[in-house]
Structure formats: structure tokens, C-alpha cells
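# Analysis of the macromolecular model
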Amino acid sequence: MYDPTQLRTFLAVAQTLSFTQAARRLGLRQSTVSQHVRRLEDAAGRQLFSRDTHSVELTEDGEAMLGFARRILEVHEQATVFFSGTRVRGRLRFGASEDFVLTRLPEILEGFRYDHPEVDLELTVELSGTLHEQLAAGKLDLVLAKRRPEDPRGELVWRDDLVWIGAERLRLEAGRPVPLIVYPPPGITRARALETLEEQGRPWRIVCTSGSLNGLIAAARAGLGVMAHSRRLIPPGLFRLPDRAGLPELGKVDFVLVHGRRRGAAEDAANALAAAVLAGGERLRRRVG
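Our subject in this report is the structure included herewith. (Residues numbered from 1 in each chain as written. Predicted model: local features only at pLDDT ≥ 70, side-chain atom pairs only at ≥ 80, totals over all residues. Heavy atoms only, no water.)

## Examining the overall build of the protein
- When helices and strands are counted, the protein shows 10 helices and 11 strands.
- In summary, the protein has a C-alpha radius of gyration of 20 Å against a globular reference of 19 Å for 289 residues, a match within 12%.
- Along the longest, intermediate and shortest principal axes, the C-alpha atoms of the protein span 65 × 45 × 35 Å.
- Among the 289 residues that make up the protein, the fraction classed as buried is 48%.
- Expressed as a percentage of contacts within the protein between residues at least 6 apart in sequence, the contacts between residues at least 24 apart total 76%.
- Put simply, the protein has 42 plus and 37 minus side-chain charges, and the middle of one group is 1 Å from the middle of the other. (Helix = DSSP H or I, 4+ residues; strand = E, 2+ residues; numbered from the N terminus. Rg over C-alpha atoms; globule rule 2.2 N^0.38 Å. Buried < 20%, exposed > 50% of the residue type's maximum accessible area, 1.4 Å probe, protein only. Contact = heavy atoms within 4.5 Å. Lys, Arg positive; Asp, Glu negative; His and termini not counted. Charge placed at Lys NZ, Arg CZ, Asp CG, Glu CD.)

## Quick word on the environment of Pro177
- Following the sequence through the fold, Pro177 ends up in the loop between strand E6 (155-166) and strand E7 (178-182).
- Residues Pro177 and Arg205 lie 28 residues apart in sequence; the distance between their C-alpha atoms is 5.9 Å.
- Look past the residues within four positions of Pro177 in its chain and what remains in contact with it is Pro203, Trp204 and Arg205.

## What to know about unusual backbone geometry
- Note that the residue after Pro185, namely Pro186, is joined by a cis bond; omega there is 5 degrees.
- For Pro186, the position within the fold is in the loop between E7 and helix H7 (188-200).
- At Leu17, a residue that is not glycine, the phi angle is positive and equals roughly 50 degrees.
- A residue is classified by how much of its surface remains accessible, and Leu17, at 25% relative accessible area, is partly exposed.

## Description of the packing of helix H5 (residues 105-115) against helix H9 (residues 265-279)
- Where H5 meets H9, the closest approach of the two axes is 10 Å, and the angle between their N-to-C directions is 135 degrees. Accordingly, the angle class assigned to the pair H5 and H9 is oblique. For the pair H5 and H9, the sense of crossing is right-handed. Where H5 approaches H9, its residues Ile108, Leu109 and Phe112 are matched on the opposing element by Ala269, Ala272, Leu273, Ala276 and Val277. (Axes fitted to C-alpha atoms, helices over the stretch in contact; angles between N-to-C directions. Parallel < 35°, antiparallel > 145°, perpendicular 65-115°, else oblique. Left-handed = near helix turned anticlockwise from the far one by under 90°.)

## Quick word on the pattern of salt bridges
- This model, assessed by the stated rule, comprises 13 salt bridges.
- We note a salt bridge from Arg91 to Glu122, for which the minimum N-O separation is 2.9 Å. Here Glu122 lies in strand E4 (residues 119-126) and Arg91 lies in strand E3 (residues 90-97), a separation of 31 residues in the sequence.
- Using a relative accessible area of 41% as the deciding quantity, one classes Arg91 as partly exposed.
- For Arg159, the salt bridge is made with Asp254, and the minimal N-O distance between the two is 2.5 Å. On the criterion of sequence distance, the pair formed by Arg159 in strand E6 and Asp254 in strand E11 (residues 252-259) is long-range, its members being 95 residues apart.
- The class of Asp254 is buried, set by a relative accessible area of 12%.
- It is possible to trace a salt-bridge network through shared partners that takes in Asp160, Asp161, Arg231 and Lys252. (Salt bridge = Lys/Arg side-chain N within 4 Å of Asp/Glu carboxyl O.)

## With respect to H5
- Looking at H5, one finds that the buried residues are Leu105, Ile108, Leu109 and Phe112. End-on, the buried residues of H5 take up no more than an arc of 95 degrees, which puts them together on one face. Exposed residues lying more than 90 degrees from the buried face of H5 are Glu110 and Tyr114. (Arc of directions from axis to C-beta.)

## Details of the packing of helix H1 (residues 4-16) against helix H2 (residues 19-26)
- Relative orientation of the contacting elements H1 and H2 amounts to 130 degrees, with a least axis distance of 8 Å. In terms of orientation, H1 and H2 fall into the oblique class. For the element pair H1 and H2, the recorded crossing hand is right-handed. Residues Arg8, Thr9, Ala12, Val13, Gln15 and Thr16 of H1 touch H2, and the partners they reach there are Phe19, Gln21, Ala22, Arg25 and Leu26.
- Considered class by class, the residues forming the contact of H1 with H2 number 5 nonpolar, 4 polar and 2 charged. (Nonpolar A, V, L, I, M, F, W, Y, C, P; charged D, E, K, R; others polar.)

Put into C-alpha cells, the structure is as follows:
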């Protein structure tokens, strides 16, 4: 009933909330993407997206289709691998940013290991900036991380708002430097936070630096200060600061997949894992707990 090609297109649009971005990701024309979505909506008998000239949003039926589409494509991939007799194998060095520590990325990796038992998967969890450096140095084969604003590389997994977060009872005192909780350099959110405060002319001071997301969360829950973080991945016990706090807007952040330069078995394994991450991208937006 549901064409896998149309389902893949649907997932790409759902993850990017953009027909243009989905077309770029899939290497298709935008008109083809629109056609795939329209045919899937016809097959389902439901509208999956509400869209106008400025925005694209999932409808309630579209949210329901996400789960079905992922499961259908996962089973389709398993059947294809089983009956084709092909096996992805080799060593795969995968880097994921600290942002995904509390998400359902482990579920995606578990599914990948089940589908590709002959792949020797090595996971590195680090700051996004560090992962990009390791990838450029040939130490990683695939990276899932935030993208620097000036860096055009990478396949978009999703785009999110960067927001200021802190403990529920935290109050910033007018005229006092903003207390910042940050990753060490070359943290991408650290750089964005400092840049926006400097542009606003707002004084700041660093009250906590940690290379561990759990360390930053502990400091924020203790009410030591504020931190810049992805809106969809706000950890339990922390809250977005209201506009009346007077902090500058941080803008958008892109989470992307970037491939290394290795060829052969590593490239095949990286392509397979990238496909699994893109298919399960919605689970990355869901924190555990």
C-alpha cells in the first residue's frame, strides 16, 4: 500500500520541515518531492503536512505516519539485505556529539548492530567542534554533530532553535554579568553564546566549564547560571528562559551527518549507518527520562 520511495521522501520532509532541503538531501527535484508526498497522502487518505509559502508542519496524521514509515522502511531494509545476500562489514569509526547523550540514539545504534552484525562499530562521544576536527584528521568515518555556521558540509538531519535554559527558579539580576555554563573550546554553542552576548554589549562571566553534558546539566540544575542548548533536547529539570530575561536570540542550529574520506568497507558501513540515522531521525529529538 505504501511505496518505500514515497516513505523515504516523507521522512526527509518531516525531518527538515522543508521540501527544498528534502530535495537536496535526496538528490531530487522539488516537484518530485511534492509529487511523492501527494501520492502518499492519496494512499493514506489523510493530509500529512500543513504547508504554506512560509512554513511546513506535520499534521496529527503526519506524526502518526512517522512511526509507521520508520518501521516499514526498517523491515524493508532487513528483507532487502537478507534476500540479496549482501553483508555490510568492516570497521566503522562513528562520532556523535554530546547533544545526543540523553536521546534515543542508542536505540538506533542497537538496531544498526542487529541489522549489520559484521560491522565493527566504534563510538566516540565528544564536542561537535572536536568531532569535526577528528573527521578532518582522518580519525573518524562518520560524524553526527552540530554544524558551524560557516561550514556548508554535511547532510541535514534536522534544524532547531538554540535557546537559553536554566533552573526553573533562576533569576538574572539586571546590571550583573550573565553567568554562563559552557563547553570548553571549540564548543559550537559556547561560541554562539559568547558572540551574541558580545554583539548585544551584555557583560558575562563563565561560572562553569565542562566537556560533559552531564556536568553542565548538574551546574544548571544547581542554579549556577544559564546555558545555550537545542530547544528540542532540553534536559529534564531545566527550562527555557522567558523573553523577559532579556537575553539575545541565539538563532538556529543544524544537526548534520558528515562523511569522512575513507573508501571501501568503511564507506559502505558509513552509508548504512547514515541511512539508519536519517530513517530514525525523529527519535533523536526525543530525550530519555
